[in-house]
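Fold and geometry: a report
One letter stands for each residue in the lines below.
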Amino acid sequence: MAHTEHLTVGGSSMEVYVDAPAAPGPHPGVVVTHHRGALDDFTRKFVEGLAADGYIAAAPLFYHRRPAGEDTSRSMGALNDAELIADIDATADYVQGRADHRAGALGIVGHCMGGRSAFLGASTNRAFTACGIFYGGNIFKPWGEGNPAPIERVGAIGCKVIGFFGNEDENPSPDDVAKIDAAMTEHGIDHVFHAYDGAGHAFQNFLGPNFREEQSRDAQARLLDFFRRTLAPSA
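Anyway, here's the lowdown on the structure attached to this text.

The rules we used
Residues numbered from 1 in each chain as written. Predicted model: local features only at pLDDT ≥ 70, side-chain atom pairs only at ≥ 80, totals over all residues. Heavy atoms only, no water. Helix = DSSP H or I, 4+ residues; strand = E, 2+ residues; numbered from the N terminus. Buried < 20%, exposed > 50% of the residue type's maximum accessible area, 1.4 Å probe, protein only. Contact = heavy atoms within 4.5 Å. Core = buried A, V, L, I, M, F, W, Y, C linked by side-chain atoms within 4.5 Å. Salt bridge = Lys/Arg side-chain N within 4 Å of Asp/Glu carboxyl O. Expected span 1.5 Å × (residues − 1). Pairing = 2+ DSSP bridges. Axes fitted to C-alpha atoms, helices over the stretch in contact; angles between N-to-C directions. Phe/Tyr/Trp six-rings, centres within 6.5 Å; stacked < 30°, edge-to-face > 60°. Lys NZ or Arg CZ within 6 Å of the ring centre and 35° of its normal.

1. Things to note about the overall build of the protein
Of regular secondary structure, the protein possesses 6 helices and 8 strands. Ordering the α and β elements of the protein from the N terminus gives β-β-β-α-β-α-α-β-α-β-β-α-β-α. Dimensions of the protein, computed from the C-alpha atoms along their principal axes, are close to 45 × 40 × 35 Å. Here the protein holds 235 residues, and 54% of them are scored as buried. Look at the contacts in the protein between residues 6 or more apart in sequence, and 72% of them connect residues 24 or more apart.

Rendered as C-alpha cells:
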C-alpha cells in the first residue's frame, strides 16, 4: 500500500512517497525523481503504477530543506547537486535495505528536473542498474557552486539508459538531446533515446497543458519493457 516514509538526510527530515507490490517478493526497486511539481498527483500516480507493475517505487521530496508551502519554482531554483545526490543515495539505501527488495536490481527514473536528477543519480551511484530519463533539461548546467554540470559526469554512468524527449521541446532542445546522445556514445554508455514529433516538454504530465496521450502511452510502454529487461520484476 502506498504510504509516506521519512528519512533523515543531512539533519533534515525528507519525505519519501513509497509503494510496493502486495506479494512478499523479492522485487526490484526504482527510485523516482520528481519534476518541479514535487510529490503531486502525477508523481504519486507514477509511483503507484510502477508498484502495480512489480516494483518497489520510492520518490524522495527534494525540497525538504526549503520552507513548507514555498512555490515550487523557487524551491527548484535553490536545489544543489551535492544535496540531490545525498537525497538520491539515501533513497536508494532505503529501497535496498527493505526485506522485500531483490539485491542487484535497482533503477532510477524521473521527469523534467527529475530526468536531470536521474542522470545525476546514475552517474554517481553504482547501485543503479537501469536509468530512465524523461525530457531532462539543464543537464549542461551545474546546480550549486563548485559542482560540475551533470554532462561532465557522463563517463561515470554505470548502467543502461533509456531516454524520452519531445521534438518541440526547448529544454532540452533536439540539439541538446543530440549532444547528450553523442556524449553517451563517446563514453560507451549503453543507451537508447526516443524522440516524439508533436510533443514538447512534459508531454507525459497529465496535469499540464503539454500532455500528449499517444506519445505518453508509447513512452511508458517502452520504459516498462526496458525495466523488464534490465530489472526483471517478479512474476
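After that view, the rundown keeps rolling.
2. Here's the deal with the nonpolar core
Core analysis: the biggest nonpolar cluster contains 74 residues, and V32, L50, V109, F119, I157, M184 and F227 have the highest contact counts within it. Per-element accounting of this core gives the leading share, 7 residues, to helix α3 (residues 81–97).

3. Section: the pattern of salt bridges
This model, assessed by the stated rule, comprises 11 salt bridges. When the shortest N-O distance is used, the salt bridge between D175 and K179 registers 3.4 Å. With a gap of 4 residues between them, D175 and K179 both fall in helix α5 (residues 174–186), about one helical turn apart. According to the relative accessible area criterion, D175 is partly exposed, its value standing at 46%. Residue K179 is classed as partly exposed on the basis of its relative accessible area of 46%. Several salt bridges share partner residues, and in doing so they unite R65, E83 and D87 into one network.

4. Quick look at the environment of A82
You can see A82 is positioned in helix α3. Separated by 61 residues in sequence, A82 and W143 place their C-alpha atoms 8.5 Å apart.

5. Structural notes on helix α1 (residues 41–52)
Counted at 1.5 Å a residue, the expected span for α1 with its 12 residues is 16 Å, and the 16 Å between its end C-alpha atoms agrees. Of the positions making up α1, those classed as buried are F42, T43, F46, V47, L50 and A51. Where the residues of α1 are buried, they touch β2 (12–19), β3 (27–33), β4 (56–60), β5 (101–111) and α6 (213–231). Phi turns positive, to about 105°, at G54, one or two residues after α1.

6. Considering the sheet that holds strand β7 (residues 160–166)
A sheet is described by the order of its strands in space; here 8 strands give the open sequence β1-β2-β4-β3-β5-β6-β7-β8, paired in mixed fashion. Either end of the sheet is taken by a strand with one partner, and the two such strands are β1 (3–9) and β8 (191–196). In this sheet, adjacent strand axes meet at a mean angle of 20° when their direction is disregarded. Relative to β8, β7 is paired through 6 bridges, and the arrangement is parallel. Note that in β8 the partner of V161 across the bridge is H191. Along the sheet, α3 contacts β1, β2, β3, β4 and β5; its crossing angle with β1, the most-contacted strand, is approximately 125°. Packing against the sheet, helix α4 (residues 113–124) makes contact with β3, β5 and β6 (130–134), and its axis sits at approximately 140° to β5.

7. Quick look at the packing of aromatic side chains
According to the stated counting rule, one finds 10 aromatic pairs in the structure shown. Measuring from centroid to centroid gives 6.3 Å for F42 and F46, while their planes differ by 35°, and the two rings are tilted. Of this pair, F42 and F46 are both found in helix α1, 4 residues apart, which corresponds to roughly one turn of the helix. On the basis of an interplanar angle of 35° and a centroid distance of 5.8 Å, the ring pair of F226 and F227 is categorised as tilted. With respect to burial, F226 and F227 carry one shared label: buried. By the ring-pair criterion, three or more aromatic residues cluster together here, those being F42, F46, F134, Y135, F164, Y196, F203 and F206. It is R44 that lies over the ring of Y17; its NZ or CZ is 4.4 Å from the centre.

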